[in-house]
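In case you want the letters, here they are:
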Amino acid sequence: MSFTLNINGRKHTVDVEPDTPLLWVLRDEIGLKGTKFGCGIAACGACTVHIDGEATRTCVLPVEAAVDTEITTIEGLAGNGELHRVQEAWIRNQVPQCGYCQSGMIMAVSALLEQNPRPTDAEIDEAITNVCRCGTYQRVRDSIHELSNA
Ligand code: FES
Ligand code: FES
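Residues numbered from 1 in each chain as written. Chains lettered and ligands numbered in written order. Predicted model: local features only at pLDDT ≥ 70, side-chain atom pairs only at ≥ 80, totals over all residues. Heavy atoms only, no water.

Novice: Would you mind showing me how to read the overall build of the protein chain here?
Specialist: The secondary structure content of the protein chain amounts to five helices and five strands. Listed by position from the N terminus, the elements making up the protein chain come as β-β-α-β-β-β-α-α-α-α. Scaling as 2.2 N^0.38, a compact globule of 150 residues should have a C-alpha radius of gyration of about 15 Å, and the protein chain matches this with 15 Å. In terms of principal-axis extent, the alpha carbons of the protein chain reach across some 45 × 30 × 25 Å. With 150 residues in all, the protein chain has 47% of them scored as buried. Within the protein chain, contacts between residues at least 6 apart in sequence are counted, and of these 54% link residues at least 24 apart. (Helix = DSSP H or I, 4+ residues; strand = E, 2+ residues; numbered from the N terminus. Rg over C-alpha atoms; globule rule 2.2 N^0.38 Å. Buried < 20%, exposed > 50% of the residue type's maximum accessible area, 1.4 Å probe, protein only. Contact = heavy atoms within 4.5 Å.)

Novice: So what exactly am I meant to see when it comes to the packing of helix H2 (residues 85–92) against helix H5 (residues 137–148) here?
Specialist: When two helices pack together, their arrangement is given by the angle between the helix axes and the distance between those axes. Contact pair H2 / H5: the axes reach a minimum separation of 10 Å and the direction vectors enclose 125°. Between H2 and H5, the angle falls in the class oblique. The crossing of H2 and H5 is right-handed. The residues of H5 that touch H2, namely those facing Arg85, Val86, Ala89, Trp90 and Arg92, are Val140, Ser143, Glu146 and Leu147. Of the residues contributing to the contact of H2 with H5, the split by class is five nonpolar, one polar and three charged. (Axes fitted to C-alpha atoms, helices over the stretch in contact; angles between N-to-C directions. Parallel < 35°, antiparallel > 145°, perpendicular 65-115°, else oblique. Left-handed = near helix turned anticlockwise from the far one by under 90°. Nonpolar A, V, L, I, M, F, W, Y, C, P; charged D, E, K, R; others polar.)

Novice: Is there a simple way to explain unusual backbone geometry in this structure?
Specialist: Of note, alanine 42 is a non-glycine position whose phi angle comes to about 60°, a positive value. Counting through the fold element by element, alanine 42 comes out in the loop between helix H1 (22–29) and strand E3 (48–51). Judged by its relative accessible area of 31%, alanine 42 is partly exposed. The phi angle at asparagine 80 is positive, at roughly 55°, despite the residue not being glycine. Note that asparagine 80 resides in the loop between strand E5 (70–72) and H2.

Novice: Just checking my understanding: could you explain the sheet that holds E5 for this structure?
Specialist: Strand pairs in the sheet, formed through backbone hydrogen bonds, run parallel or antiparallel to each other. Strand order in the open sheet formed by five strands is E2-E1-E5-E3-E4, and the pairing between neighbours is mixed. Because the sheet does not close on itself, it has two edges, and the strands there are strand E2 (10–15) and strand E4 (54–57). Taking the axes of each pair of neighbouring strands and ignoring which way they run, one obtains an average angle of 40° across the sheet. Where strand E1 (residues 2–7) lies against E5, two bridges are found, and the strand directions are parallel. Each bridged residue has a counterpart across the sheet, and for isoleucine 7 the counterpart in E5 is isoleucine 71. Strand contacts of helix H3 (residues 102–115): E3, E4 and E5, with the helix running at about 35° to E3, the strand carrying the most contacts. (Pairing = 2+ DSSP bridges.)

Novice: How should the pattern of salt bridges be read in this particular structure?
Specialist: Side chains carrying opposite charge are able to pair once their charged atoms draw close together. What the rule picks out here adds up to four salt bridges. The partner of aspartate 28 in a salt bridge is lysine 33, with the nearest N and O atoms 3.8 Å apart. On the accessibility criterion, aspartate 28 (52% relative accessible area) is exposed. We classify lysine 33 as partly exposed; its relative accessible area is 42%. The shortest N-O distance in the salt bridge between arginine 141 and aspartate 125 comes to 2.5 Å. Taken as a pair, arginine 141 in helix H5 and aspartate 125 in helix H4 (residues 121–127) lie far apart in primary sequence, 16 residues in all. Classification of aspartate 125 by relative accessible area gives partly exposed; the value is 42%. Salt bridges here are not isolated pairs; linked through shared partners, they connect Asp121, Asp125 and Arg141. (Salt bridge = Lys/Arg side-chain N within 4 Å of Asp/Glu carboxyl O.)

See the structure below:
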C-alpha cells in the first residue's frame, strides 16, 4: 500500500505493508539512517523520533499510524543550519561514547525539555528510559540540568 509521510518538513510516499514498522521505512525506504535499531521491542529507545512533538519509539509503530502526523528525525532536529541546543550541549559536554544510542537519546531529551523545561531528577528518570550500553547516563543528566538552567 502507498503511504505519504511528512518527515522533517518534506512529504515522502512509500509503498509498504501497513504494519511495517516506521523505523524500517525511515531507514530502508527513505534512507534516513540516523535513527537506530536496537531491540525491536520498544525497550531501548535507539529508534526514538518525534511524532507531533512526542518522543516515540518507531520499531513498534506501524507506518499506517504515522500518516497525517509531523515526524521529526535526528536529521531534522537542527534548523536553518544551526544545531539544536541539545546537540550543542552534547558536543560541549562530550556526552556520546560510541554514539549508537545517542540519536534516540537526543530526540527523547529534546522532547522532554520542550514539555518540561526544568525537569527534576525523578522526572528525568521517568521520561528518559533510553538504554546506553556505554553508560553515558550521568553526562546525559548533567547536560539536561545545564540546559534547564540556561
Ligand atoms: S529499537 Fe526501538 S526501542 Fe529499541
Ligand atoms: S554512547 Fe554507546 S550506547 Fe550510548
